[in-house]
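An overview of the molecular structure
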Amino acid sequence: MNRSASLFVLGSFVVACSAKVSHLPQPGESLSAEAFTAEAGGKGFNLAVGAHRLGASVDGIFAIGTDLFSQLAEAAFSQAGLSPAMLRRVGPKTGSGIGFTDARGENCLAVYPGANALLTAQHIGSVRQALERAGLVLAQFETGDEPVLEAFVLARRAGVRTLLNPSPYRPIDPLILQHTTILVLNQVEAVRMAEALEVHGLTVSSPARDRLAAALMERGVETVVITLGADGAHAYRKDAAPVYQPSFPVEVVDTLGAGDAFTAGFASGLVGGCSVEQSLRAAAGCGAIVCMGLGVFDALPTRAELDAFLAAHGDPVIGA
């Protein structure tokens with residue numbers, strides 16, 4: 001494996017169901033769906049597929065069950081060009097989720113973790129050599145704290161960078177934060193993090209983002225990326241000027257998976273030798289492309305599709 005161009009994904013796999021509706025449902029309300037998809041998903045799986053399509057060499061570990069959904073996982077990995085050897089059967093139920101997307105492209109979703117919640121530090125130990133060969137180790141919060149911490153500790157000891165997307169959000173163990181090189185937050189997660197760190201006054205457009213980034217870097221994080229949907233994304237680094245990347249103007253159909261596509265694009269750019277500025281622009285392009293279609297698996301772009309999209313949108317990365 002080429003360390004300079006490889007990602008290790010501490011993954012999650014879910015069978016993702018998505019309904020397109022006129023508006024997000026209220027309590028007790030039944031809606032007629034305009035469209036429905038059921039596909040292989042999960043934040044970890046989306047990261048792995050997205051990075052692989054962009055040309056990164058991908059390894060990882062993913063937990064599935066022994067139910068019928070586990071057969072979909074095996075087929076999905078093969079279809080995506082990922083090795084089914086990454087899969088571990090660790091429980092009876094494979095993860096699953098349901099999402100709703102309204103006419104404006106806004107969404108809400110719920111995820112049942114199933115086997116994803118049963119990954120342990122022992123499972124991570126079984127893939128230690130592969131993890132330590134990677135150029136970057138990625139994790140998200142559809143798995144538990146124990147495997148994330150074990151993976152990040154092993155990675156940092158080996159001199160490997162780590163990237164955490166704490167979604168679905170929960171309070172971050174300070175030890176995990178201490179071993180996180182890159183932290184990617186959306187606007188909701190940033191506000192929750194600000195509350196936890198007592199950084200007051202943070203809103204979507206607030207300069208308090210700068211103070212949040214500084215507080216996180218004081219706790220060990222080297223790069224903080226905060227995504228703001230249609231309002232673009234900010235990247236903060238130690239001893240470097242912040243960078244702002246505007247979003248690309250596209251017709252939004254479905255925002256499900258856009259955050260995962262963004263993170264996959266950013267990570268792939270970094271391990272491919274791109275600067276933070278270049279990686280941030282690629283990430284914004286990946287997120288925009290996914291927003292233009294319904295569903296995630298088929299919408300995650302290839303390198304050629306991303307290059308064509310960026311060539312057609314000549315917006316430069318802007319120093320903040």
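Conventions adopted
- Residues numbered from 1 in each chain as written.
- Predicted model: local features only at pLDDT ≥ 70, side-chain atom pairs only at ≥ 80, totals over all residues.
- Heavy atoms only, no water.
- Salt bridge = Lys/Arg side-chain N within 4 Å of Asp/Glu carboxyl O.
- Helix = DSSP H or I, 4+ residues; strand = E, 2+ residues; numbered from the N terminus.
- Buried < 20%, exposed > 50% of the residue type's maximum accessible area, 1.4 Å probe, protein only.
- Axes fitted to C-alpha atoms, helices over the stretch in contact; angles between N-to-C directions.
- Parallel < 35°, antiparallel > 145°, perpendicular 65-115°, else oblique.
- Left-handed = near helix turned anticlockwise from the far one by under 90°.
- Contact = heavy atoms within 4.5 Å.
- Core = buried A, V, L, I, M, F, W, Y, C linked by side-chain atoms within 4.5 Å.

1. Overview of the pattern of salt bridges
- Using the criterion set out here, one finds eight salt bridges in the structure.
- Arg128 is the partner of Glu132 in a salt bridge, and the nearest nitrogen-oxygen pair spans 2.8 Å. A residue pair is termed a helical-turn pair when its members lie 3 or 4 positions apart in one helix, as Glu132 and Arg128 do in helix α4 (residues 128-133) at four residues.
- The class for Glu132 is partly exposed, based on a relative accessible area of 24%.
- Arg303 is the salt-bridge partner of Asp307, the closest N and O atoms lying 3.6 Å from each other.

2. Comments concerning the packing of helix α9 (residues 258-271) against helix α10 (residues 276-291)
- It is the contact of α9 with α10, at a shortest axis distance of 7 Å, that shows an interaxial angle of 150 degrees. In this view, α9 runs roughly antiparallel relative to α10, as classed from their interaxial angle. The crossing of α9 and α10 is right-handed. Judged by residue contacts, Ala258, Ala261, Phe262, Gly265, Phe266, Gly269 and Leu270 of α9 engage Val276, Ser279, Leu280, Ala282, Ala283, Ala284, Cys286, Gly287, Val290 and Cys291 from α10.

3. What about the nonpolar core?
- Counting residues in hydrophobic clusters, the biggest one holds 56 residues, and the most contacted among them are Phe13, Phe45, Leu82 and Phe266.
- With nine residues, α10 is the single largest residue contributor to this core.
- Residues in contact with Phe266, not counting those within four places in the same chain, are Leu163, Ile182, Val225, Val276, Ser279, Leu280 and Ala283.
- Core analysis: the next-biggest nonpolar cluster, separate from the first, contains 42 residues, Leu119, Ala130, Ala139 and Phe152 among them.

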